[in-house]
Amino acid sequence: MVEKEQYKILVVEANEKLRTRMYDVLTSQGMEVICENSSIAAIETLENPGSSPYALIVSSYRMPKMQGDEILKKAREVSPDTRRILVSDAEDLETMVRAVNSADIHGCFVLPLNNDDFIAKVNLVCRQFDKIKKHETLKKVIRRQNKQMFKMAADFKKKHAKYSAKIEERKKKIRILKSIGRHGAETVDPEKPLSLEEFITKNELDFVSEAFGAEFLRIAEHIRHIFTKAASGLFLEIAEFDYKDILKNSSEGKEYHDEVNKLLPLVFMLLQKKGENFAKTDAKDLLLDEFIELSMSENMTKAFLKIKKYDARVVNLANIKEFLVQKNIKFGIRDDNLIGAWLSDSVNYDDAFVIAEGKEPQLPKDAEVTYYFPRDFLKAGKVNDDGSIDFKDRGDIPFISKGVLLAEKVPMVEGAFGRDVLGDDMPVPDAVDFVFGSGTGTVLSEDGAKIYADSDGQPHLDAMGNVSVFPELNIEGDVGYETGNINFDGNVVVKGVVKEGFSVKCATLTASQIEGAQINLTGDLNVSAGIIDAHLIKVQGNVQAKYINNSRIDAFGDLIVEKEIIDSIILLSGACMNSTGTIISSMVTAKMGVDAGRIGTDISKPAKFRVGVDDHIKSLLIKVDKKIKKNLDAGAELKSEISEFKKEDEQLHIKISEHAYTQDRNQVELNGIKKKMPALEASGNMEVLYKVTKAVEQMQKKAKEAENEINSAFARQDAVAMEISRRKGSIKGLEESNRSFVYEKKGLKEFSAKDKPVPEVRVNKKVAAGTKIDGPNSSRIIREAVSRCRILEVKKGGGDEGGLSFYEM
């Protein structure tokens, strides 16, 4: 049975009567109980548990601001080991089942509460908590022991490396001494010829026939060159004959044994000293281009040789290899045996021989995404002559059923660098990937390559590449005090006005009018009348309205306005289309350009435009970078704190070891004294017996003090381990957050790179003087009013003849 007063329990309940009842039931069992009546206070209490962590948190499902399963989900992040129980009404039973899965809850209770069942369940989960903590303690001890073993192993490894180095050094000295003993000091004379045995010993060749054969074959061609050149200088011809003929014509095959023993080392020394220089000089003197033709494939991954004129003295393996060096051919050269076979077997010298073959590059394949639903199907409705929108005529709205395949992605394939015969790398471009996300109402296949509908509804693709399926919410009147703020995972249609002070967060919003409200959409915004005094409108799709007055709009898509845009700030990744209206005293940034009817008046403040630049995406990237940096700074601070805690843990470990040694030493001394006590008592020497008894008491006191210090250090180690664990959990959360931010940045950059910027303003009626237009590289202020014009940034200069280039608006 669980010991009383062993566990701390946190009760979160808004109902005071039920909260008091649970408090009384739990404290009657000797448990320490903390009660909170709000979700925020509960989380703060859980994050600051005091000296020991909470074994259990009991939360009601119906809580203000944050529901009970959300509280328990947050509790799991803050304190993973704390057990979690949810209490709810019977009508929320289905919700509780989902909560068990999402928040990993260890128990549920349906009201009314039964005291005995409640206590039994609490005792059960508390025992589970106790087992987890004991398991963590054992793991901590094992980690500490593993750390010591690792240090010992590292020390042994260092010693082994040190001793191995000494052994190698001594072996080297032994080899030197043996060499000196074998040849004597006079053998170092470079002018004195070596015998064959001395040459083999000096060059550490194996004294076997296979080694002789291999060495001879390696230098055979050089020997041929030496003798051929010497003979040509004396106008002699060298006859070629087989080795077997030598044996046949010599007595018993040993006639020239002594001469060979003297001559072969001299040949070796000659080749070592002069063979390389001779080959190079010979190749240059003979102008190999007259005898050999080199060609390469278009991408230089293959080199071909063709014999133009054959001469055995010139066209041989050594000269061909020198020829390749001269031509800078260094990668993928064929094996010497293959080259030799080609030289000996060539009959038709018109045939080209592949002398070197590089590595062909492997081109990458970009990712491909196929969508199986129309993406640009819906407009707000039919636009009337006065610029308003008829909601009844909204076009054909696609509707899909659960299980339908919505999108499919063929993943990108990275390329691989190649290498040409010159040894240079052949780089390939990076493969292009695309964001492929599964949003609300969809499910991603296990391989991450397909997205299916998880519910019936309207398919939707947002600007960040996420596919969703949305239901539709219809509001007959206004969004105001009767409805409150709207937060809906789907499309919202408001027949009335979204009033000032209220917010709407959804996929696509269609409304009659927006007055000072906050709008945050993953799809399009369609307003029948106009947008007034709204300074927080963020839309990932297009915006369509009759007019805009004193508002701030940030949109990934296009802005379509039938009438006027007045005193507003517009940031668009798309185009601003106001071909029949007027833009007055506003600042408009549009990556894809502006199509305006009239710009400015004679008495209004000049309008400002920035076209061909995506300030909207840039501002979002800056915000994401700030969030990433904030998380990195917080993570660095947490890592610094973990480092300090680890230092403290090491000191505690030293302290525990010292006190444990004191305990062991006292125990040994006490055991020795206990063995001597009977003899002392029998001797009757009370003075000595008294001193020994006092010494025993003192030793027992020190042992007890050491035990208390050890227990205190272990308790502090537990607290330190918990602090480290909490901070590591926080770091993990920050890292996960940053991964999502990096993914968001990738999506923003992909979206911004889809379309080429259009640095252009088209005016269908008149643009007033004073209007300023900025492009990516130039700007212009309109000095005089101009009618029906097109203002764009152009590049001048440069061209085929070179020279400086510049941009002009």
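Before any of the text, the structure's been laid out above.
This one's a predicted model, so the numbers in the text were calculated from it and none came from an experiment.

Q: Mind laying out the overall build of the chain, listing which residues take part and the relevant values?
A: Secondary structure assignment for the chain yields 13 helices and 44 strands. Of the roughly 48300 Å² of accessible surface on the chain, a fraction of 52% belongs to carbon and sulfur atoms.

Q: Lay out the sheet that holds strand β15 (residues 437-438) in plain terms, naming residues and giving numbers.
A: Read from one edge of the open sheet, three strands run β15-β19-β18, paired in mixed fashion. A single partner strand is all that each edge strand has here, and the edge strands are β15 and β18 (458-461).

Q: I'd like to hear about the environment of I622, residue by residue, with values.
A: Here I622 shows up in helix α12 (residues 615-683). Distance in space between the C-alpha atoms of I622 and K745 is 9.7 Å, their sequence separation being 123 residues.

Q: Let's hear about the sheet that holds strand β1 (residues 8-12): which residues, and what values?
A: The parallel open sheet is built from five strands, whose spatial order is β2-β1-β3-β4-β5. Strands with a single pairing partner mark the edges of an open sheet, and in this sheet they are β2 (32-36) and β5 (107-110). If you compare each strand with its neighbour and ignore which way they point, the axes differ by 20 degrees on average. As judged from the four bridges shared by strand β4 (residues 83-88) and β5, these two strands associate in the parallel manner. Of the residues in β5, the one forming a bridge with L86 is C108.

Q: Describe a nonpolar patch on the surface, and please don't skip the residues or the numbers.
A: Residues M149, M152 and F156 make up a contiguous nonpolar surface patch of about 350 Å² in total accessible area. Among the structural elements, M152 can be located in helix α5 (residues 115-183). Looking at M152, the relative accessible area reads 44%, which means it is partly exposed.

Q: Account for the packing of aromatic side chains, with residues named and values stated.
A: Summed over the entire model, instances satisfying the criterion amount to five aromatic pairs. Both rings, one in F109 and one in F118, keep their centres 5.5 Å apart while their planes meet at 75 degrees; by these two values the pair is edge-to-face. Ring geometry for F556 against F751: centres 5.2 Å apart, planes inclined by 75 degrees, an arrangement best described as edge-to-face. Here F556 is found in the loop between β31 (552-555) and β32 (559-561), whereas its partner F751 is found in helix α13 (residues 686-753), with 195 residues between them in sequence. When sorted by exposure, F556 lands in the same class as F751, which is buried. Sitting over the ring of Y54, K8 keeps its end group 4.7 Å from the ring centre.

Q: Tell me about the packing of helix α2 (residues 39-47) against helix α3 (residues 68-78), and name the residues and values.
A: Describing two packed helices takes the angle between their axes plus the distance from one axis to the other. At a minimum axis separation of 10 Å, α2 and α3 run at an interaxial angle of 15 degrees. Classified by the angle their axes make, α2 and α3 are roughly parallel. Between α2 and α3 lies a crossing of right-handed hand. Mapping the contact onto sequence places S39, I43, L46 and E47 in α2 and I71, K74, A75 and V78 in α3.

Q: Which residues make up the side chain of E13, and what values go with them?
A: Mapped onto the elements, E13 comes out in the loop between β1 and α1 (16-27). Among the polar contacts listed, one links the side chain of E13 to the backbone nitrogen of N15, at a separation of 2.9 Å. Among all residues touching E13, those that are not within four sequence positions of it are L18, R19, M22, E36, N37, S60 and M63.

Q: For unusual backbone geometry, give the residues involved together with the corresponding values.
A: Where the residue is not glycine, phi is negative for most of them; where a peptide bond is considered, it is trans in most cases. With a phi close to 55 degrees, D533 is a non-glycine residue in the positive phi region. Along the chain, D533 falls in the loop between β27 (530-532) and β28 (536-539). A positive phi angle is found at R788, which is not glycine, with a value near 45 degrees. Position of R788 among the secondary structure elements: in strand β42 (residues 786-792).

Q: I'd love a proper account of the packing of α12 against α13, names of residues and values included.
A: The geometry of α12 relative to α13 is characterised by a closest axis approach of 5 Å and an angle of 165 degrees between their N-to-C directions. Accordingly, the angle class assigned to the pair α12 and α13 is roughly antiparallel. Note on packing geometry: the crossing formed by α12 with α13 is left-handed.

Q: Can you tell me about the side chain of S79, naming the residues and giving the values?
A: Mapped onto the elements, S79 comes out in the loop between α3 and β4. Separated by 2.6 Å, the side chains of S79 and T82 make a polar contact.

Q: Before we move on, could you go through the pattern of salt bridges and cite the residues and values that matter?
A: As enumerated under the stated definition, the model contains 21 salt bridges in all. E357 is paired through a salt bridge with K302; the nearest N and O atoms lie 4.0 Å apart. Residue E357 is found in strand β8 (residues 353-357), and its partner K302 is found in strand β7 (residues 302-307); the two are separated by 55 residues along the sequence. Judged by relative accessible area, which is 36%, E357 ranks as partly exposed. Across the salt bridge formed by D633 and K629, the nearest N and O atoms sit 3.0 Å from each other. Taken together, the positions of D633 and K629, both in helix α12 and four residues apart, correspond to about one turn of that helix. The partly exposed category is assigned to D633, whose relative accessible area is 42%. Overlapping salt bridges bring together E641, E723, R726 and R727 as one network.

Calculation criteria
- Residues numbered from 1 in each chain as written.
- Predicted model: local features only at pLDDT ≥ 70, side-chain atom pairs only at ≥ 80, totals over all residues.
- Heavy atoms only, no water.
- Helix = DSSP H or I, 4+ residues; strand = E, 2+ residues; numbered from the N terminus.
- Areas by Shrake-Rupley, 256 points an atom, 1.4 Å probe, with all protein chains shown as cover.
- Pairing = 2+ DSSP bridges.
- Axes fitted to C-alpha atoms, helices over the stretch in contact; angles between N-to-C directions.
- Patch = residues over 30% accessible without salt bridge, like charges linked within 9 Å, V, L, I, M, F, W, Y side chains within 5 Å.
- Salt bridge = Lys/Arg side-chain N within 4 Å of Asp/Glu carboxyl O.
- Buried < 20%, exposed > 50% of the residue type's maximum accessible area, 1.4 Å probe, protein only.
- Phe/Tyr/Trp six-rings, centres within 6.5 Å; stacked < 30°, edge-to-face > 60°.
- Lys NZ or Arg CZ within 6 Å of the ring centre and 35° of its normal.
- Parallel < 35°, antiparallel > 145°, perpendicular 65-115°, else oblique.
- Left-handed = near helix turned anticlockwise from the far one by under 90°.
- Contact = heavy atoms within 4.5 Å.
- Polar contact = N/O pair within 3.5 Å; in protein donor to acceptor, adjacent residues only side chain to side chain.

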